[in-house]
Amino acid sequence: MTERRAPLARRLARGLRLARLALGWEALWPRLWPALGVIGLFLLAAWSGLFLHLPPWLHLALLAGFALALGAALWRGFRGFAWPGEAAAERRLETASGLRHRPLSTLRDQALTEDPATLALWRAHQARALAGLRRLRVGAPRPNLAARDPRALRTGLLVAVCASLVLAGGEAGERLRRALWPSLHAAPLGAALKLEAWVTPPAYTGAAPLFLDLAGGALTVPQGSTLQIALSGGSGGVPELRVDEHATPFRALDAGSFALEAPLARGARIVLRRGGRDLAAWTFSVQADAPPTAAFTEAPAPSPRGLAVRLPWRADDDWGVNAAQAEIRLAARPHAEPLLLDLPLAGGEPRARKGVAQPDLSAHPWAGLPVRVRVLARDGAGQQGASETQELILPERPFTHPVARMLVELRKALSLDPLGRDGVRRGLDELAARPEAFEHDSTTFLALRVARFQLMRDRRPEAIGEVQKLMWDTAVALEEGLADRTARALAEAREALREALAEAERTPPDAGQRAELERRVQELREAVQRHLEALLERMRQQGMEPAPLDPNQQAMEQRELERRMQEMQETAREGRTDRLQQELAQLEQMLEALQQGRIAARPEGGRNSSQQQQQQQRGEQQMGAVQDMVQRQGQLLDRSHQREGAQEQPSERRPGMPPGRPQPGGQPSGQPQAGNPSGEEARRDARTQRALRRALGELMQQFGDLTGEIPEALGRADQAMRQAQEALGQGGDASGHQQEAIRELQEGGRQMAQSMQQQFGQGQGEGQGDGQGNPGAAVGTQGEDRVAGQGQGRDPLGRPTRDAPGASDQGSDTQVPEEAEMLRSRRIQEELRRRGAERERPPSELDYIDRLLKSY
């Protein structure tokens, strides 16, 4: 009997707890409802914006009334409240379970007699009562609010509160906060109403903000524009913006100032309303952004000079083209990863970009194979347009060495079929089996074997590209020879050091940058040593001896070179970038002297003919013409900078207008104006630029007839001049292209001097010198001095070089500036720094000022 009563006792205890909770909720909920009704009314008033329209004294009074009503409701509801007891819980259980004769009391009662028959009868009665408890139920609470609220006002209040919450939206928290904490600083009565409204176009358009007429009207704006309204003063409460019957309240800045920012996603009529009346109304139409268009202005074709590909292109967009690329796909494998080349965007109208790209892809694995090319243009919104697809064969570098030609063919076979490794492997085996074809060069043999085994063992997709690069490097090495390879490696080491110096100038050098500079200097040192050894080896193979040194020149001995390289390493370790640049320039002069014939090698017994002398004179005249072009191009650049300075005027700002806010009716400062004399001057410069470019073309043709080759830098200078001519014709900024033309002309002059030395420098004999058996008056030195624009032994700045006559006097011709000159120079430097700190100046002018400051 005891075992049977234990689980029933636990069940009975749980039922009693639940019954007391149900009874308590039935007694508590009707008492809480009046207080909750007061709270609901307060939330309804707060989220609907009632408190925002009340003066402070009425706001405080209403808030106090709600507080008193809440307190009264709570006091009245909980007065005399007591939590239900155990007896009430038992009655709840018996009633809900349908138990009669109060069986729960039977379980607690005891028999008063010891008679066995009576006790047996009592136990049977308790067992029957206990069996009835298995159907024990509590029942759901029934607070019976319907009897107290027969009209269901509680439901209406709940719906109203939810509707006000949805209406408040994201400002629900702010409205509730302002309802609980009223602002005692109201706007002064009668304050004048100030209203400003403007539309800010999206950033991809580059358009200026558009101020709206308060009288209203219809406007068309770009997709993604934003409407901004600022309102202060007046009366009538919080203003709102209605878009197709949907109202959006303003954001309160203080008691009397409001602001709103709303995106214009679609066309609609927008009404600004305050205090029940309309302040302004506009009808907006949204113009969708069209994708850009791209096309080839001419069919892509190989460049008439060199191994580049000529890609004339054009891209147009309604708001401006931000980027352009040339997409090249292999015709035999159109689904392979394409080659993407960034196309430079020249200055001018951003809505109509055009240009002629001439990338050199002769070293690419697809060189010599049919490809498909198209132009991709992208606007500021990220939309992309493509041109029609054109087909052509990429130019390839011609090779004369038979093994190099075979390697290039195997490389192309891998491009056409990356899975055909077996055929390429057999070709590599055939080449390795004939070492006499590559002069038994161990480096070439090892490269062939490495490529062969990587093809067979490395199954990664990237292995194909690695093998193709190895095959290309081997073919170029066989074609060029050791001296040309080391010269190319030396040029790469110099360029890497210049890039590291440029990076160190942009940011203060730290320990990592100093270590990087030191590493680059060490790489340059090793590249110089390898190149010198390669030159000496080529001289021995060709049976040549060093030319006698000019007594007025300083020999580039091993000790001098080691000393310079050691100084450069110490300077890099200290992080002195200015000094390191000077030492690098001096080293480059020594290396150029080596390449241009100041330290040359000559075969014994050779003599220059009179025809060679005439060709040398024509070459010197042509290099002098290049220097004249540099000067005339510099004059055009100076006039471009003067026009930019004249066009830049400080913009007037309306009194009271905060900085950064657009002015009504303002125009962009960079727009040309009618009657501007600088426009006519720009057109005159465009004609001068065209004549200068035509003269450069004739000079390139004459020099090509003379030497059989045209310096690549002159071709780049021609392209920069063409772009400068187009920019001047359109009234744009041509200074960047003019600067590039000057740099390329100077580099072209150096390349012309090198070409002249290669053509005529080794043919000088003992009788072709200065009349005294001295061949030191070489054309290379003369040509270089002409290009530099100075006399012999002078650098481009007019300073004596280390190999100049009389350079051993340690600065005897140096003039120390007087104090007045130093003071004037310091004032100029301070003025340049002041102007360079004004970052609102045009970028081209700031770049020009930075270059001037570097000279100090």
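The rules behind the values
Residues numbered from 1 in each chain as written. Predicted model: local features only at pLDDT ≥ 70, side-chain atom pairs only at ≥ 80, totals over all residues. Heavy atoms only, no water. Salt bridge = Lys/Arg side-chain N within 4 Å of Asp/Glu carboxyl O. Helix = DSSP H or I, 4+ residues; strand = E, 2+ residues; numbered from the N terminus. Phe/Tyr/Trp six-rings, centres within 6.5 Å; stacked < 30°, edge-to-face > 60°. Buried < 20%, exposed > 50% of the residue type's maximum accessible area, 1.4 Å probe, protein only. Lys NZ or Arg CZ within 6 Å of the ring centre and 35° of its normal. Pairing = 2+ DSSP bridges. Polar contact = N/O pair within 3.5 Å; in protein donor to acceptor, adjacent residues only side chain to side chain. Contact = heavy atoms within 4.5 Å. Axes fitted to C-alpha atoms, helices over the stretch in contact; angles between N-to-C directions. Parallel < 35°, antiparallel > 145°, perpendicular 65-115°, else oblique. Left-handed = near helix turned anticlockwise from the far one by under 90°. Nonpolar A, V, L, I, M, F, W, Y, C, P; charged D, E, K, R; others polar.

J.: Quick question: what am I supposed to make of the pattern of salt bridges here?
T.: As a working rule, side chains carrying opposite charge can pair if their charged atoms are close by. Evaluated as defined, the whole model comprises 28 salt bridges. Its salt-bridge partner being Arg372, residue Glu391 comes within 3.2 Å of it at the nearest N-O pair. Placement of the pair is Glu391 in strand E19 (residues 390-393) and Arg372 in strand E17 (residues 370-379), with a sequence separation of 19 residues. With a shortest N-O distance of 3.1 Å, Glu466 and Arg460 are connected by a salt bridge. Among the charged side chains, a salt-bridge network with shared partners connects Arg425, Asp429, Arg449 and Arg452.

J.: Explanation requested: the packing of aromatic side chains in the structure shown.
T.: Counted by the stated rule, this structure contains three aromatic pairs. Seen in terms of ring centroids, Phe42 and Phe66 are 5.5 Å apart; in terms of plane orientation they differ by 75°. Their pairing is edge-to-face. Pair noted here: Phe42 is in helix H1 (residues 2-47) and Phe66 is in helix H2 (residues 56-78), with a separation of 24 residues, a long-range link. Residue classification places Phe42 among the buried residues on the basis of a relative accessible area of 12%. Relative to Trp472, the ring of Phe399 lies with its centre 5.6 Å away and its plane at 90°, an arrangement referred to as edge-to-face. One end of the pair, Phe399, is in the loop between E19 and helix H9 (402-416); the other, Trp472, is in helix H12 (residues 462-480), and 73 residues separate them in sequence. For Phe399, a relative accessible area of 8% corresponds to the buried category. The class of Trp472 is buried, set by a relative accessible area of 12%. Sitting over the ring of Phe453, Arg452 keeps its end group 5.0 Å from the ring centre.

J.: Where do I start with the sheet that holds strand E8 (residues 257-263) in this structure?
T.: Backbone-to-backbone hydrogen bonds join strands into a sheet, with any given pair of strands oriented parallel or antiparallel. Across the sheet, five strands lie side by side as E2-E1-E4-E8-E7; this open sheet has antiparallel pairing. Looking at the sheet topology across the chains shown, the edges are occupied by strand E2 (210-211) and strand E7 (251-252).

J.: Sorry, what's going on with the side chain of Ser225 here?
T.: Residue placement: Ser225 occurs in the loop between strand E3 (217-222) and strand E4 (226-232). Judged by its relative accessible area of 1%, Ser225 is buried. There is a polar contact of 2.7 Å between the side chain of Ser225 and the backbone oxygen of Pro222. Once residues within four sequence positions are removed from consideration, Ser225 is found in contact with Val199, Thr200, Pro201, Pro202, Pro263 and Leu264.

J.: Help me understand the packing of helix H10 (residues 421-432) against helix H11 (residues 442-457) in this model?
T.: The geometry of a pair of packed helices is captured by two quantities: the angle between their axes and the separation between those axes. Direction vectors running N to C along H10 and H11 enclose 160°, while the axes themselves pass 9 Å from each other. Taken together, the axis directions place H10 and H11 in an arrangement best described as roughly antiparallel. The crossing of H10 and H11 is left-handed. Along the contact surface, H10 presents Arg421, Asp422, Val424, Arg425, Leu428, Asp429, Leu431 and Ala432, while H11 presents Phe445, Leu448, Arg449, Ala451, Arg452, Gln454, Leu455 and Met456. When grouped by side-chain class, the residues that make up the contact of H10 with H11 number nine nonpolar, one polar and six charged.

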